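Examination of the molecular architecture
Listed below are the residues making up each chain.
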Amino acid sequence: ESYFSDRLYEKRTDLCSMMSKWGSDKGLHTEHNYTTLYNFLFTDIRLKELNIFEIGLGSHNINIPSNMVYMADKAIPGGSLRAWKEFFPCANIYGADIDGNILFSEDRIKTVYCDQLNKFIVGLMLESRHIKDIQFDIIIDDGLHNLPQNIDFFNMIIHKLKIGGMYIIEDVSNSFDSQANAF
């Protein structure tokens, strides 16, 4: 309630600055503007030891569905993972994407290949050495932005979410048509 009554969605936060710094499209004054809500949701847990997973790292490859070509001059693949790493200084960050060329590994960040359209590949990802034994506190689906795939992915990964954890789907399209506008 206070998020809306105090108009927190209009206020620039440290997380907004971090997302912009690392080249994520989640920041204030982009079409997504998730950082104000994320800051509100995550501030109280920010210093805890967490496991965070995000699918969809922001490919610039025009042959990849739900790519970030429209923001190629501003958005950097993996930018949100690096911002999560800064925002959550005690967390381990995990990411997945279909574009194998943007996968990377660095201190507290591990990324793996995943094709949300292929249930077999999703299963392989869940059994990969980086993911297999991990339970997540936060899972963010910023992948295909297509409701059937969002539902399929949710059903396949929900057992990896800790009880009391948060599962967030960004940019859910408003129909089963993959070309539908996001809301």
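Below is a summary of the structure that appears in this document.

**With respect to unusual backbone geometry**
You will see that Arg 108, though not glycine, has its phi angle at about 70°, which is positive. For Arg 108, the location among the structural elements is in the loop between strand 3 (105-106) and strand 4 (109-113). Even without a glycine there, the phi angle at His 145 is positive, about 60°. Mapped onto the elements of the fold, His 145 is located in the loop between strand 5 (136-141) and helix 6 (147-157). What makes His 145 buried here is its relative accessible area of 17%.

**Considering the packing of helix 2 (residues 14-22) against helix 3 (residues 35-42)**
With their axes 8 Å apart at the nearest point, helix 2 and helix 3 run at an angle of 125° to one another. Considered as vectors, helix 2 and helix 3 are oriented oblique to each other. In this structure, helix 2 crosses over helix 3, and the sense of that crossing is right-handed. Residues Leu 15, Cys 16 and Met 19 of helix 2 touch helix 3, and the partners they reach there are Thr 35, Thr 36, Tyr 38 and Asn 39. Split into classes, the residues belonging to the contact of helix 2 with helix 3 amount to four nonpolar, three polar and no charged.

**Digging into the sheet that holds strand 6 (residues 161-169)**
Pairing within the open sheet is mixed, and its six strands lie in the order 3-4-2-1-5-6. On the outer flanks of this sheet lie strand 3 and strand 6, each paired with one strand and no other. Pairing geometry for strand 5 and strand 6, over five bridges, is parallel. Bridge pairing in strand 6 places Asp 141 opposite Ile 169. Set on the sheet, helix 3 makes contact with strand 5 and strand 6; between it and strand 6 the angle comes to about 170°. Along the sheet face, helix 4 (residues 79-87) touches strand 1 (51-55), strand 2 (92-97), strand 3, strand 4 and strand 5 and points at about 170° away from the line of strand 2.

**A few points about the pattern of salt bridges**
Counted by the stated rule, this structure contains eight salt bridges. For Glu 86, the salt bridge goes to Lys 21, with nearest N and O atoms at 3.1 Å. Here Lys 21 lies in helix 2 and Glu 86 lies in helix 4, a separation of 65 residues in the sequence. Assessed through its relative accessible area of 31%, Glu 86 is described here as partly exposed.

What counts and how
- Residues numbered from 1 in each chain as written.
- Predicted model: local features only at pLDDT ≥ 70, side-chain atom pairs only at ≥ 80, totals over all residues.
- Heavy atoms only, no water.
- Helix = DSSP H or I, 4+ residues; strand = E, 2+ residues; numbered from the N terminus.
- Buried < 20%, exposed > 50% of the residue type's maximum accessible area, 1.4 Å probe, protein only.
- Axes fitted to C-alpha atoms, helices over the stretch in contact; angles between N-to-C directions.
- Parallel < 35°, antiparallel > 145°, perpendicular 65-115°, else oblique.
- Left-handed = near helix turned anticlockwise from the far one by under 90°.
- Contact = heavy atoms within 4.5 Å.
- Nonpolar A, V, L, I, M, F, W, Y, C, P; charged D, E, K, R; others polar.
- Pairing = 2+ DSSP bridges.
- Salt bridge = Lys/Arg side-chain N within 4 Å of Asp/Glu carboxyl O.

No statement about biological role is implied by the geometric values presented.
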